[in-house]
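Report on the structure
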Amino acid sequence: MTATPDIGPARLAAQATPPASSDLLRSVFRRHAVGVAVITAHGPSGPAGFTATSLTSVSAEPPLLSFGIGTGASSWPAVADATHVGVHLLGDHQRDLAAAFARSGADRFGPPTRWRHGPQGVPLLDDVPAWLVCRVRARVPAGDHHLVIAEVVTGDPTGPGRPLLYHQGRYTSLQE
């Protein structure tokens, strides 16, 4: 019988794990259930927006949040120049709206999307559980994305619906 050298748990774990990659990051984050938001801005060509699952509360004082946006996204030019953005938390009744704002080349603000011009000219979506208008404070380059940090100016948390979630590559509902 031959003895196996003791390589230790840390070295053994390192041998069993895949190397860092964008595929690894995507695979892990597919398992992370998140709320679904739509970010909107008024751009030179009119309203722009995209579905975001990277929305994060940053600070209570002052009230700050952040979200990521790819620099190749069709909405990036509007967000890059905007002084204010709209942040909309979607309800589980809004899967089609989430899909429309996630789809490349879609007329996101055409029918059946219902929206209006809100404070600071920000496009505001109707019938969402909650929305905010935020002043952009910073845009931080981060790989192929920018991290946008924005300060809450106004909003409404009293809309209809339960939250829409994104998990394992699909929209889902909160189960009790």
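Here's a quick rundown of the structure.

Let's talk about the sheet that holds strand E12 (residues 170-173)
Overall, antiparallel pairing links the three strands, which are arranged E1-E11-E12 in an open sheet. The open sheet is flanked by strand E1 (34-35) and E12, the only strands paired with a single partner. Here two bridges tie E1 to strand E11 (residues 164-167), and the two strands are oriented antiparallel to one another. Residue pairing for E11: Gly-35 is matched across the bridge by Leu-165. Most of the contacts of helix H4 (residues 95-102) go to E12, to which it runs at about 155 degrees, and overall it touches E11 and E12.

Considering the side chain of His-146
With respect to the secondary-structure elements, His-146 resides in strand E10 (residues 145-156). The contacts of His-146, once residues within four sequence positions are left out, are Phe-67, Gly-68, Ile-69, Thr-71, Trp-76, Arg-139, Val-140 and Pro-141.

Side note on the environment of Leu-24
Mapped onto the elements, Leu-24 comes out in helix H2 (residues 22-29). Beyond its immediate stretch of four places on either side in the chain, Leu-24 contacts Pro-18 and Pro-19.

A few points about the pattern of salt bridges
A side chain of one charge can pair with a side chain of the opposite charge if their charged atoms are brought near each other. What the rule picks out here adds up to four salt bridges. Between Asp-127 and Arg-114 there is a salt bridge whose closest N-O contact spans 1.9 Å. Of the two residues, Asp-127 is situated in the loop between strand E8 (123-125) and strand E9 (130-142) and Arg-114 in the loop between H4 and strand E7 (115-117); the sequence distance between them amounts to 13 residues. For Asp-127, a relative accessible area of 36% translates into the label partly exposed. The class for Arg-114 is partly exposed, based on a relative accessible area of 49%. Linked through salt bridges whose partners overlap, the residues forming this network are Arg-135, Arg-137 and Glu-151.

Digging into the layout of surface pockets
In this structure, the largest pocket encloses a volume near 1000 Å³. Along the walls of the largest pocket sit 27 residues, with Arg-26, Thr-53, Ser-54, His-145 and Tyr-166 positioned nearest its centre. Mapped onto the lining of the largest pocket, the elements with two or more residues apiece are H2, strand E3 (46-52), strand E5 (64-70) and H4. By residue class, the composition of the lining of the largest pocket is 12 nonpolar, 11 polar and four charged. Reported here for the second largest pocket is a volume of approximately 320 Å³. If you tally residues by element for the lining of the second largest pocket, the top one is H4, at four residues. Class assignment of the residues belonging to the lining of the second largest pocket gives a composition of six nonpolar, four polar and eight charged.

Overview of a nonpolar patch on the surface
A cluster of nonpolar side chains, contributed by Leu-24, Leu-25, Val-28 and Phe-29, occupies part of the molecular surface with about 370 Å² of accessible area. Residue classification places Phe-29 among the exposed positions, given a relative accessible area of 52%.

Conventions and cut-offs
- Residues numbered from 1 in each chain as written.
- Predicted model: local features only at pLDDT ≥ 70, side-chain atom pairs only at ≥ 80, totals over all residues.
- Heavy atoms only, no water.
- Pairing = 2+ DSSP bridges.
- Helix = DSSP H or I, 4+ residues; strand = E, 2+ residues; numbered from the N terminus.
- Contact = heavy atoms within 4.5 Å.
- Axes fitted to C-alpha atoms, helices over the stretch in contact; angles between N-to-C directions.
- Salt bridge = Lys/Arg side-chain N within 4 Å of Asp/Glu carboxyl O.
- Buried < 20%, exposed > 50% of the residue type's maximum accessible area, 1.4 Å probe, protein only.
- 1 Å grid on protein atoms, 1.4 Å probe; cavity = no way out; pocket = protein on both sides within 12 Å on 5 of 7 lines; lining within 4 Å.
- Points joined across faces, edges and corners; volume = space filled by probe spheres on them.
- Nonpolar A, V, L, I, M, F, W, Y, C, P; charged D, E, K, R; others polar.
- Patch = residues over 30% accessible without salt bridge, like charges linked within 9 Å, V, L, I, M, F, W, Y side chains within 5 Å.
- Areas by Shrake-Rupley, 256 points an atom, 1.4 Å probe, with all protein chains shown as cover.

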